[in-house]
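Spelled out, the chains give:
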Amino acid sequence: MTKKTFTLFDPALAVPAMREAVRKLSPAVQWRNPVMFVVYVGSILTTLLAIQALGGEGEAPAGFIIAISVWLWFTVLFANFAEALAEGRSKAQAASLRGLKRETWAKKLLEPRYGGKWQLVQGNDLRKGDVVVVEAGDIGQSVIPADGEVIEGVASVDESAITGESAPVIRESGGDFSAVTGGTRVLSDWIVIRVTANPGETFVDRMIAMVENAKRQKTPNEIALTILLVALTIVFLGVTVTLLPFSQFSVDVSGAGRPVGMTVLVALLVCLIPTTIAGLLSAIGVAGMSRMMQANVIATSGRAVEAAGDVDVLLMDKTGTITLGNRQASAFLPADGVSESDLANSAQLASLADETPEGRSIVVLAKQKYDLRERDIHALAAHFVHFSAQTRMSGVDLGDKQIRKGAAEAIRHHVETLGGSFPASVSARVDEVARRGSTPLVVSEGKRVLGAIELKDIVKGGIKERFVELRRMGIKTVMVTGDNRVTAAAIAAEAGVDDFLSEATPEAKLALIRQYQAEGRLVAMTGDGTNDAPALAQADVAVAMNTGTQAAKEAGNMVDLDSNPTKLIEVVETGKQMLMTRGSLTTFSIANDIAKYFAIIPAAFVGTYPQLAALNVMGLSNPASAILSAVIFNALIIVFLIPLALKGVPYRPLGAATLLRRNMAIYGLGGILVPFVGIKLIDLCLAATGLA
Ligand SMILES: Nc1ncnc2c1ncn2[C@@H]1O[C@H](COP(=O)(O)OP(=O)(O)OP(=O)(O)O)[C@@H](O)[C@H]1O
Ligand SMILES: [K+]
Ligand SMILES: [Mg+2]
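Note that this is a predicted model, so its numbers are computed, not measured. Throughout this description, residue numbers start from 1 for each chain and increase along the sequence as written. Just so you know, chain letters begin at A and ligand numbers begin at 1, following the order they were written in. In view of the model being predicted, local features appear only for residues whose pLDDT reaches at least 70, and side-chain atom pairs are presented and counted only at 80 or more, with totals across whole chains, interfaces and linings using the full set of residues. Calculation of side-chain values draws on the structure's entire complement of heavy atoms; hydrogens and water are dropped beforehand.

K.L.:
Even after reading the chapter, I still don't get the packing of aromatic side chains, so can you show me in this structure?
P.N.:
Two measures describe an aromatic ring pair: the distance that separates the ring centres and the angle between the ring planes. Within 6.5 Å between ring centres, the rings of Phe, Tyr and Trp (the latter by its six-membered ring) count as paired, and their orientation is classed by plane angle as stacked under 30 degrees, edge-to-face over 60, tilted in between. Within this structure, the stated rule accounts for seven aromatic pairs. Seen in terms of ring centroids, tyrosine 40 and tryptophan 73 are 6.0 Å apart; in terms of plane orientation they differ by 90 degrees. Their pairing is edge-to-face. In this pair, tyrosine 40 sits in helix 3 (residues 34-57) while tryptophan 73 sits in helix 4 (residues 62-98), placing the two residues 33 residues apart along the sequence. Accessibility expressed as a relative area gives 8% for tyrosine 40, which makes it buried. Judged by its relative accessible area of 24%, tryptophan 73 is partly exposed. Considering the side-chain rings of phenylalanine 74 and phenylalanine 78, the 5.5 Å spacing of their centres and the 15 degrees angle between planes classify their relative orientation as stacked. With a gap of four residues between them, phenylalanine 74 and phenylalanine 78 both fall in helix 4, about one helical turn apart. Joined through ring pairs, the aromatic side chains of Trp31, Phe37, Tyr40 and Trp73 make up one cluster. We note lysine 107 situated over the ring of tryptophan 118; from NZ or CZ to the ring centre the distance is 4.9 Å. The way it works is that DSSP assigns letters per residue, a run of H or I at least four long becomes a helix, a run of E at least two long becomes a strand, and they are numbered from the N terminus. In this scheme, a residue with accessible area under 20% of its type's maximum is buried, one over 50% is exposed, and one in between is partly exposed, where area comes from a 1.4 Å probe on protein chains only. Any Lys NZ or Arg CZ that is within 6 Å of a ring centre and within 35 degrees of that ring's normal is treated as a charge sitting over the ring.

K.L.:
How do you make sense of the UniProt feature "active site" (unreviewed entry) in the protein when you look at a structure like this?
P.N.:
UniProt positions are given in the numbering used here, feature names are shortened, and annotations may be inferred rather than shown by experiment. Under the UniProt annotation, the feature "active site" (unreviewed entry) is placed at Asp317. Residue placement: aspartate 317 occurs in strand 9 (residues 313-317). Leaving out residues up to four positions away in the same chain, aspartate 317 has contacts with Ile322, Val480, Lys509 and Asp532. For this analysis, a polar contact is any N or O atom pair within 3.5 Å, provided that within protein one partner can donate a hydrogen and the other can accept it, and provided that sequence-adjacent residues contribute only side-chain to side-chain pairs. Within polar-contact distance, the side chain of aspartate 317 engages the side chain of lysine 509 at 3.2 Å. Contact definition: two residues touch when any of their heavy atoms are within 4.5 Å.

K.L.:
Which parts of the structure should I look at to understand the sheet that holds strand 8 (residues 297-299)?
P.N.:
By this definition, two strands are paired if DSSP reports at least two bridges between them. Pairing within the open sheet is mixed, and its seven strands lie in the order 8-20-19-18-9-16-17. Of all strands in the sheet, those with a lone pairing partner are strand 8 and strand 17 (499-501), marking the two edges. The mean angle between the axes of side-by-side strands here comes to 20 degrees, regardless of whether they run parallel or antiparallel. With four bridges joining them, strand 18 (residues 523-527) and strand 19 (residues 541-545) adopt parallel strand pairing. Bridge pairing in strand 19 places alanine 524 opposite valine 541. Fitting a line to C-alpha atoms yields each axis, with helices limited to the stretch in contact; the angle taken between N-to-C directions then spans 0 to 180 degrees.

K.L.:
Can you walk me through the UniProt feature "binding site: Mg(2+)" (unreviewed entry) in the protein in this structure?
P.N.:
If you check UniProt for "binding site: Mg(2+)" (unreviewed entry), the listed places come out as Asp528 and Asp532 in our numbering. Secondary-structure assignment places aspartate 528 in the loop between strand 18 and helix 19 (533-538). Relative to the helices and strands, aspartate 532 resides in the loop between strand 18 and helix 19. Beyond its immediate stretch of four places on either side in the chain, aspartate 532 contacts Asp317, Lys509 and Gly527.

K.L.:
Teacher, can you tell me more about the pattern of salt bridges here?
P.N.:
If the charged atoms of two oppositely charged side chains come close together, the side chains can form a pair. Here, a salt bridge means any side-chain nitrogen of Lys or Arg that lies within 4 Å of a carboxyl oxygen of Asp or Glu. Under the criterion given, the structure shown has 26 salt bridges. As a salt-bridge pair, aspartate 483 and arginine 327 come within 3.3 Å of each other at their nearest N and O atoms. You can see aspartate 483 sitting in the loop between strand 16 (476-480) and helix 17 (485-495) and its partner arginine 327 sitting in the loop between helix 11 (318-322) and strand 10 (328-334), a full 156 residues away along the chain. Note on aspartate 483: relative accessible area 7%, which makes it buried.

K.L.:
Help me understand the site of ligand 1, please; the structure alone is not making it clear to me.
P.N.:
Neighbouring ligand 1 are 22 residues, the closest being Lys318, Thr319, Arg327, Asp354 and Ser394. In the environment of ligand 1, an oxygen atom lies 2.9 Å from a nitrogen or oxygen atom belonging to the backbone of lysine 318. Aspartate 483 is positioned with one of its side-chain polar atoms (N or O) 3.1 Å from an oxygen atom of ligand 1. The fraction of the free accessible surface of ligand 1 (600 Å²) that becomes covered by protein chains is 92%. Going through the elements one at a time, helix 11, strand 12 (393-398), strand 13 (401-406) and strand 14 (439-445) are the ones with two or more residues in the shell around ligand 1. A molecule or strand has a residue near it when one of that residue's heavy atoms lies within 4 Å. To be clear on the numbers: accessible area is Shrake-Rupley with a 1.4 Å probe, and residue cover counts the displayed protein chains and nothing else.

K.L.:
Can you walk me through the coordination of the potassium ion (ligand 2) in this structure?
P.N.:
For a metal with four tetrahedral donors the ideal donor-metal-donor angle is 109.5 degrees, while six octahedral donors give ideal angles of 90 or 180 degrees. Surrounding the potassium ion (ligand 2) are the protein donor atoms Val270 (O), Cys271 (O), Ile273 (O), Thr275 (OG1) and Asn634 (OD1), at 2.3 to 3.0 Å. For the potassium ion (ligand 2), the donor residues sit on a single chain with the sequence spacing V-C-x1-I-x1-T-x358-N. Take cysteine 271: its relative accessible area is 0%, and that puts it in the buried class. As a rule, N, O and S atoms within 2.8 Å of a metal are its donors, except that Na, K and Ca use 3.2 Å; water is not among the atoms, so sites may look incomplete.

K.L.:
I keep staring at helix 10 (residues 302-310) and nothing clicks. Help me out?
P.N.:
In an α-helix, one full turn covers 3.6 residues, which means residues spaced three or four apart are oriented alike. Most of helix 10 sits out of view: seven of its nine residues are buried. Structurally, helix 10 contributes buried residues whose contacts are with helix 7 (220-254), helix 9 (275-294), strand 8, strand 19, strand 20 (558-560) and helix 21 (567-605).

K.L.:
Before we go on, may I ask you to explain the environment of serine 173 in this structure?
P.N.:
Considering the arrangement of structural elements, one finds serine 173 in the loop between strand 5 (169-172) and strand 6 (179-180). Looking at serine 173, the relative accessible area reads 4%, which means it is buried. Serine 173 sits 18 residues away from isoleucine 191 along the chain, and the two C-alpha atoms are 8.3 Å apart. Setting aside its immediate chain neighbours within four residues, serine 173 contacts Val150, Ile151, Glu152, Gly153, Ser178, Glu355 and Arg360.

Here it is in structure tokens:
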């Protein structure tokens, strides 16, 4: 993504947001935010009262009513502006994605293989299932015309348009690096791609639609908070409405003073209801999604961002997430009575059609060590058995010769079914390899076990520190792998995860997620393979790698454009920050009321009850100025808090309880004190300028 960064009130965004703020004055829009709707009705009411006052029979001086009315309209407009600005920022990000959607040409293959006849078609005419070839040096800068899966070949691809990362990446058939995104470019070699999305349904299209979806659905937490705010509003509405007959009654009884006016009551109500958080709530949510996007993560819903903040278990793959993921064959370890070259020969035969990086590395190692040539696959008349996470084996049938390679347990089961046995010498090799944290693969021919292959992998640098950070945040890390127990334990210890699950089938992953969820925990996971799709669909936060298969991307609720599995940590942090921002501003907003109460109650009722003058602790110049100052403060505080709502409160990896205490102290106390200062200052200004 060509990331354009905007300053907070960048005119390019602020000016359209102002226009949008006015457009949002329509009742249909206002109705969606019940608290602000009360302010909206109050604005209309005071406007009518002002017109009446100008006609000569006002319930209060016309200047006062007009001033209150104007500032109530500003309150509504400022809240609209905050929301429009947040939406504008994410739309600007979407617009930069749209840059990817230009006209492309495609070489559509009539037979789905390299070298087959092709026909030049427009990118837009491609349909799901079509097969195209993209070669370096093609017309149109070799832009890949659609989202798809590489089915043949290897190429280096420039994905900077999507990821902003300039280093090219390898995309190849088989394995975890087979997905390509429309709009990226082939730099060298060629690939044959099967198109996986119709025009208009591509990944980029969906991202744009998602980002532009201004009518963002409210998340469950937002709904819960809104209900609380509405309840508070109803309570204050009740209080305010009963004050009117009450003050009328005391005037009647005492025969002195005058009842409180309508304008003052509206002003009182607006100051008491939680307008600050109600006005900023949706901006906070939209900004959370924008911040995800800044981290190159596309969230498909606000709910996903919110869930990310609540996550307490993090499931991660071993291979590729905790380790570098390019497992390479490093040694052939034959069984007693088998020569190393025989083992290498069989291992290579079994791997000829294995397109996974593991498979290819076996072919390469055999070639390097024993000069075993790659054989012509077609001449062999072989039938290849592809790897699956279910069987954990792959191999080849040559006539009646069955060669297999796979996880030790899988091969043990396989040879025992055929009536063979698993030699102790191979068990010992397998254990040695596993204790080093490498992956052992065992090779068999028929019912005879030939030996083991060591696949080396390296734990990523810096990952241990990230796990420490997560633990401090109270999040449990669990490594999940299809590998054997010993390897898993070695890597788990080296990386410092809290727990691990070994020999995990896709079903086992799914069951583990369900088990944590049954305990009431929120689970996050990353994945890239088709195998991961069910687990991704089940997880509360599921980050699919952009390089992953289409199935994984469909199942997840976030996509990481950088395809960096450790990004999950940043995702959780961003989610937490969004929740903290919401919590802090809610605290601030409600604490605010206490100060406004002192400013406005004495002023509003001093006409009825002169004793209330004693409560004027702020020493405000006169009742009208006190009420107006409180209303002005109430409006301006929304604008002042926009930066915090959009950028999020500063975040530190601390436990939930510590964070809560800190925030209560800062935003609760701040919320009480700031209005005292603010209202006093506004009152002084009004007095100085003689406006009130
Ligand atoms: N190409 C292959 N051919 C045969 N066996 C394989 C192949 N690749 C992996 N295996 C074996 O199958 C096991 C399970 O593989 P799977 O891809 O499910 O998990 P993994 O790659 O070990 O771990 P992770 O879940 O972290 O990716 C591996 O540990 C290995 O023993
Ligand atoms: K308020
Ligand atoms: Mg794997």
